[in-house]
Amino acid sequence: MEEPMCLIGNKENEEIIVNQEALQILLDITQPVVVVAIVGKYRTGKSYLMNKLAGGKNGFALGSTIQSKTKGIWMWCVPHPMKQGHTLVLLDTEGLGDVEKGDSKNDAWIFSLAILLSSSLVYNSLGTIDQQAMDNLHYVTELTERIKVKSPEGQAMDEEVDESGEFKRFFPSFIWCVRDFTLKLEKNDVPITEDQYLLDALELKKGLGRKVQDYNLPRRCIRHYFHSHKCFVFDRPVSTSNALQRLEKLQESQLEPEFVKKTTKFCRHIYENCNAKTLVGGYTVTGRLLGNLAVSYTEAIRSGSIPCMENAVIALAQIENSRAVQKALAKYEEEMSKNIGKFPTETQEEFLNIHQECEIEATKVFMGLSFKDENGEYLTQLIHDLAAKKSKYSLYNEEESAKKCKAILQNLSGSLESDISDGKFSKPGGFKQFLAEKNSLVDEYKSSKGKGVKALEILQEFLTEKETVEAAILQADQSLTIKEKEIEDQRVRTEAAEREKQILEEHNRRLEVDMENQKKSLEDHKRLMEEKMVEERKKIIEQNEWMIKEKLKEQEEVLKKGFSQESEMLKDQIKDLKKQNDEAANRSLFGEILEAIARPFAYALTARKKP
Ligand SMILES: Nc1nc2c(ncn2[C@@H]2O[C@H](COP(=O)(O)OP(=O)(O)O)[C@@H](O)[C@H]2O)c(=O)[nH]1
Ligand SMILES: [Mg+2]
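Residues numbered from 1 in each chain as written. Chains lettered and ligands numbered in written order. Predicted model: local features only at pLDDT ≥ 70, side-chain atom pairs only at ≥ 80, totals over all residues. Heavy atoms only, no water.

- Naming follows an unreviewed UniProt entry, where the chain appears as LOC100037176 protein of Xenopus laevis.

Next up, the structure:
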């Protein structure tokens, strides 16, 4: 992207909308995305810092030039400077808490969206971390009303569920940037780190009074909702206000060295430590997924409901899994088309080998793109559609075989045909001569290569066509007695019946190998799906274990400070997470789901066999 673009517009008195052009850019990004969003009051140098992250280019318009910029979330996608194969998506919020632009009711939604869409959230403020800075972050205290974790369907209407204990799992990491910081980083005359400075500022006060509660609330939210708390303090970039206005035009050498140093350190931290966005269960978010997430959340808000992370993931999985099926089928076609020159294959087994190779490639594509296909719904569809494609190609292989066999017969039977029409066999001993020619034709046909699976059937068709002529020649042959003619006639019939039997056997044998192949394919799919599900489950268990560790840390801290009520709450949450993990570890290996996938196919296969 050459320059930033508005991703989510937030015009006053209008609905929040996703800009289609920006959406398309996201949808085209197949790489995982590291998403850094910045929030905070207007004119605190947010856009300036985002430009630094984009590699120092001037893209996001700065305060002095933006009077008419659209409010909302602006987006800039750039190649990640350190993580190969990743895209860095910068989200700059425009006009949050800007009184001049009218304090739209949508601002709180924009704040929530920045959280929902990012993997790292930067909160930017001026001066020091004081009460004012905390107050400006009041949106964070309203998040329980703006973000739902679980789908409300499973909950009773009047049930007040506190889901904020789950926020940590979904929320971005938290980075506080303090600009124009003038204090010394010290506590009781001892130097402290920036992170310690933030943690001290987030310390809770004891007491039950209203004032204490108000003081504690935003701090509590920040500690409890976000899983990591980083802080960067910046000096003033230049000393004169005149120079401040022209900041973007100044050379680095004209800025305060400490400011430059800190900016570099901040950028390095983002590049090195901010991870790609993931969904619950550890699925990595690509630009495509991010675009769909933006649409899903924004639409929830427009329709008057609260964005629900679980629902969004379900909706996303549906979109992605349908696409995974389509991509896998396209892969099958692509691989098959490379092999089409080998048709007709000599045997059905050869055809099935080709099919199987293509199927494996297709399934790999599906497994790579799909996620959370918990009921095996999309896998079933894939297996079904692949089976249909296999039938189509199998039929084509048969048609090619039939064509080839007919061509061979046509070629071989030329002289026999002209001998018949010339009446060469209408003489005593003619029948024997006819038989000899016919048999040598059949022998030659049988030894011809590349006839494929229809060889017998087409021969049978050919010989059946000749039956009338054969009978006539036999009857006309005066060198044979009636008895001999009867015997010959019987032999012709027996031979035909024999071939018919052979054809049927061959047909059934083909079905048999088809069935074996289908069974094996099901087994393969089952195995791959099982592996994938084990992997997915492992990720969930790992994530829960990480949550437990985070909560234990939090609990230790609140216990140290004597907040026993909070500690109890955390204890419950930890207990719950442990229970979830025990359940996940003990659940059977999706056997039932996989059996259910296999059943209709096994049934369809047995039904096709001829008696
Ligand atoms: N005092 C101060 N001004 C800054 C800083 N960084 C940028 N500015 C200037 O502040 C004005 C607003 O910056 P901008 O990045 O647009 O702020 P935003 O509204 O938060 O995005 C511009 O004139 C910038 O040059 C800083 O660290 N301190
Ligand atoms: Mg800005």
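Observations concerning the packing of aromatic side chains
Here's step 1: Applying the stated rule across the entire model yields 19 aromatic pairs.
Here's step 2: Considering the side-chain rings of Tyr48 and Phe259, the 6.0 Å spacing of their centres and the 35° angle between planes classify their relative orientation as tilted. With Tyr48 in helix α2 (residues 46-53) and Phe259 in helix α9 (residues 257-273), the pair connects residues that are 211 residues apart, well separated along the chain.
Here's step 3: Exposure remark for Tyr48: the relative accessible area of 7% places this residue in the buried category.
Here's step 4: A residue is classified by how much of its surface remains accessible, and Phe259, at 1% relative accessible area, is buried.
Here's step 5: Between the aromatic rings of Phe174 and Trp176, the centroid separation amounts to 6.2 Å while the plane-to-plane angle is 80°, which identifies the pairing as edge-to-face. The same class applies to Phe174 as to Trp176, namely buried. (Phe/Tyr/Trp six-rings, centres within 6.5 Å; stacked < 30°, edge-to-face > 60°. Helix = DSSP H or I, 4+ residues; strand = E, 2+ residues; numbered from the N terminus. Buried < 20%, exposed > 50% of the residue type's maximum accessible area, 1.4 Å probe, protein only.)

Focus on the domain arrangement of the chain
Here's step 1: Partitioning the chain into domains gives domain 1 (5-152 + 163-307) and domain 2 (405-509).
Here's step 2: Using C-alpha coordinates to define each centre, domain 1 is positioned 85 Å away from domain 2. (Domains from an automatic or database assignment.)

Details of the packing of helix α13 (residues 377-412) against helix α17 (residues 482-561)
Two measures define how a pair of helices packs: the angle their axes make with one another and the distance between the axes.
Here's step 1: The geometry of α13 relative to α17 is characterised by a closest axis approach of 12 Å and an angle of 150° between their N-to-C directions. In this view, α13 runs roughly antiparallel relative to α17, as classed from their interaxial angle. Once α13 is placed against α17, the crossing between them reads as right-handed. Where α13 abuts α17, its residues Leu379, Leu382, Ile383, Leu386, Ala387, Lys390 and Glu398 lie against Arg510, Asp514, Asn517, Gln518, Leu522, His525 and Met529.
Here's step 2: When grouped by side-chain class, the residues that make up the contact of α13 with α17 number 7 nonpolar, 3 polar and 4 charged. (Axes fitted to C-alpha atoms, helices over the stretch in contact; angles between N-to-C directions. Parallel < 35°, antiparallel > 145°, perpendicular 65-115°, else oblique. Left-handed = near helix turned anticlockwise from the far one by under 90°. Contact = heavy atoms within 4.5 Å. Nonpolar A, V, L, I, M, F, W, Y, C, P; charged D, E, K, R; others polar.)

Considerations on the side chain of Gln543
Here's step 1: Tracing the chain through its elements places Gln543 in helix α17.
Here's step 2: Relative accessible area serves as the criterion here: at 14%, Gln543 is assigned to the buried category.
Here's step 3: Reaching out from Gln543, the side chain makes a polar contact with the side chain of Arg169 at a distance of 3.3 Å. (Polar contact = N/O pair within 3.5 Å; in protein donor to acceptor, adjacent residues only side chain to side chain.)

Observations regarding helix α7 (residues 210-225)
Here's step 1: Spanning 16 residues, α7 covers 22 Å between terminal C-alpha atoms, matching the ideal 22 Å at 1.5 Å per step.
Here's step 2: Along α7, the largest kink reaches about 30° and is centred on Asn216; proline Pro218 follows within four residues of it.
Here's step 3: Within α7 the residues assigned to the buried category are Val212, Tyr215, Asn216, Pro218, Arg219, Cys221, Ile222, Arg223, His224 and Tyr225. (Expected span 1.5 Å × (residues − 1). Bend = angle between axes of the 7 residues up to and from the residue.)

As for the pattern of salt bridges
Here's step 1: Under the definition given, this model contains 49 salt bridges.
Here's step 2: Of the charged contacts in the structure, one is a salt bridge between Arg223 and Glu203, with a shortest N-O distance of 3.6 Å. Of this pair, Arg223 sits in helix α7 while Glu203 sits in the loop between α6 (194-201) and α7, placing them 20 residues apart in sequence.
Here's step 3: What makes Arg223 buried here is its relative accessible area of 17%.
Here's step 4: Taking the relative accessible area as the measure of exposure, Glu203 reaches 27% and is therefore partly exposed.
Here's step 5: Between Arg493 and Asp489 there is a salt bridge; the shortest N-O distance is 3.2 Å. With Arg493 and Asp489 both in helix α17 and 4 residues apart, this pair spans about one turn of that helix.
Here's step 6: Three or more residues are tied together by salt bridges with common partners; here these are Glu203, Arg223, Glu557 and Lys561. (Salt bridge = Lys/Arg side-chain N within 4 Å of Asp/Glu carboxyl O.)

With respect to the side chain of Arg169
Here's step 1: The residue Arg169 is located in helix α5 (residues 167-170) in this model.
Here's step 2: The class for Arg169 is buried, based on a relative accessible area of 10%.
Here's step 3: In contact with Arg169, not counting residues within four places along its chain, are Val280, Gln543, Asn544, Trp546, Met547, Leu577 and Gln580.

Remarks on the confidence of the model for the chain
Here's step 1: Overall, the prediction assigns the chain a mean pLDDT of 88, with 92% of residues at 70 or greater.
Here's step 2: Summarising per-element confidence for the chain, the mean pLDDT is lowest in helix α19 (residues 591-607) (58) and highest in helix α1 (residues 20-27) (97). (pLDDT = per-residue confidence, 0-100.)

A few points about the packing of helix α3 (residues 107-117) against helix α10 (residues 287-302)
Here's step 1: Their axes nearest at 11 Å, the elements α3 and α10 cross at an angle of 150°. Taken together, the axis directions place α3 and α10 in an arrangement best described as roughly antiparallel. Taken as a pair, α3 and α10 cross one another with a handedness that is right-handed. Facing Trp109, Leu113, Leu116 and Leu117 of α3, the residues of α10 in contact are Leu290, Leu293, Ala294, Tyr297, Thr298 and Ile301.

Section: α17
Here's step 1: With 80 residues, α17 should reach 118 Å at 1.5 Å per residue; the first-to-last C-alpha distance of 117 Å fits that figure.
Here's step 2: Backbone geometry just after α17 places Gly562 at a positive phi near 85°.

Some words on the pairing of strand β3 (residues 33-40)
Remember that side chains alternate between the two faces of the sheet whenever the strand is regular.
Here's step 1: The buried fraction of β3 amounts to 8 of the 8 residues, a majority that puts the element mostly inside the structure.
Here's step 2: By the alternation rule, side chains of β3 split into Val33, Val35, Ala37 and Val39 and Val34, Val36, Ile38 and Gly40, which are all buried.
Here's step 3: For β3 and strand β5 (residues 87-94), the ladder comprises 6 bridges, and the chain directions are parallel. Bridging from a neighbouring strand, Val35 pairs with Val89 of β5.
Here's step 4: Relative to strand β6 (residues 120-126), β3 is paired through 5 bridges, and the arrangement is parallel. Bridging from a neighbouring strand, Gly40 pairs with Asn124 of β6. (Pairing = 2+ DSSP bridges.)

So, the environment of Arg219
Here's step 1: As for its placement among the helices and strands, Arg219 is situated in helix α7.
Here's step 2: Relative accessible area serves as the criterion here: at 3%, Arg219 is assigned to the buried category.
Here's step 3: Taking C-alpha positions, Arg219 is 9.4 Å from Val140, a pair spaced 79 residues apart along the chain.
Here's step 4: Among the polar contacts listed, one links the side chain of Arg219 to the side chain of Gln131, at a separation of 3.3 Å.

Focus: unusual backbone geometry
Glycine aside, negative phi is the norm for most residues, and most peptide bonds take the trans geometry.
Here's step 1: Here Phe343 and Pro344 are connected by a cis peptide whose omega angle stands at -5°.
Here's step 2: Note on placement: Pro344 falls in the loop between α11 (309-339) and α12 (348-369).
Here's step 3: Although it is not a glycine, Arg43 adopts a positive phi angle of roughly 55°.
Here's step 4: Inspection of the secondary structure assignment puts Arg43 in the loop between β3 and α2.
Here's step 5: A residue is classified by how much of its surface remains accessible, and Arg43, at 48% relative accessible area, is partly exposed.
Here's step 6: Of note, Asp189 is a non-glycine position whose phi angle comes to about 70°, a positive value.
Here's step 7: Counting through the fold element by element, Asp189 comes out in the loop between β8 (186-187) and β9 (190-191).

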